[in-house]
Amino acid sequence: MNLIHRSIDFEKDRDYILERHCRINYDCESPWKREMTYPDYRSEWLSFTSQVSGFYGYLERTAQDDRTIAEIIEGEDGHIVGYLWVTFCEDEEMDFRFAEIQEIYIEEEFRRHGVATQLYEYAEAKARHNGAEVIRAGTGLCNSASIQLHERLGFAPYRYEFEKLLMNKNNQ
């Protein structure tokens, strides 16, 4: 599939990006949080205006770095296939540079057609070109499709994060 990459238009694409970000978050949530339906989760997340503006502001700020990939991916017919956001980080003290795939979203009708693989390869090539020694990506513990894709593409876990539910809001 021939893909067309265009920079995110932060005014025009705002609703699209926020909706996909919310879907990505939901797919990567803890099992206890996913007990909530997606429409309820979405409504709750969008009601947290400081979180929404914080996320979008961070995306906009990172896009000012020429190395950042902040792109809408379209098919030749102009339909949106998905979006990709990759940041570039460097620790001068440790002399270490890495790219981090912040988000990748493929519209459902384009999944299982190799689009994600193409975008990961694209991100890797740009990361290498920009001097990154490592490319990182994360996903939720229960997002088995994403985990399998990362493993198939040669990614390996480098850190585990844990949480312990102390209080259920329904049973406080």
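See the structure shown above.
Procedures and definitions
- Residues numbered from 1 in each chain as written.
- Predicted model: local features only at pLDDT ≥ 70, side-chain atom pairs only at ≥ 80, totals over all residues.
- Heavy atoms only, no water.
- Core = buried A, V, L, I, M, F, W, Y, C linked by side-chain atoms within 4.5 Å.
- Buried < 20%, exposed > 50% of the residue type's maximum accessible area, 1.4 Å probe, protein only.
- Helix = DSSP H or I, 4+ residues; strand = E, 2+ residues; numbered from the N terminus.
- Salt bridge = Lys/Arg side-chain N within 4 Å of Asp/Glu carboxyl O.

A.B. asks: Can you walk me through the nonpolar core in this structure?
C.D. replies: Looking at soluble globular proteins, one finds that nonpolar side chains tend to be buried together. The biggest cluster of nonpolar side chains holds 21 residues, and the ones touching the most others in it are Val86, Ile101, Val115, Leu119 and Ile135. Broken down by secondary-structure element, the contributors of at least two residues to this core are strand S2 (69–74), strand S3 (80–91), strand S4 (96–106) and helix H4 (115–129). With six residues, the single largest contributor to this core is H4. With 19 residues, the next largest nonpolar core counts Tyr16, Ile72, Tyr83 and Tyr105 among its residues.

A.B. asks: Where do I start with the pattern of salt bridges in this structure?
C.D. replies: Summed over all chains, the structure comprises 14 salt bridges. In this structure, glutamate 19 and arginine 42 form a salt bridge, with 2.4 Å as the shortest nitrogen-oxygen distance. Taken as a pair, glutamate 19 in helix H1 (residues 14–27) and arginine 42 in helix H2 (residues 38–47) lie far apart in primary sequence, 23 residues in all. Overall, the relative accessible area of 12% leaves glutamate 19 in the buried class. Ionic contacts of the salt-bridge type, sharing partners, join the residues Arg6, Asp13 and Glu74 into one network.

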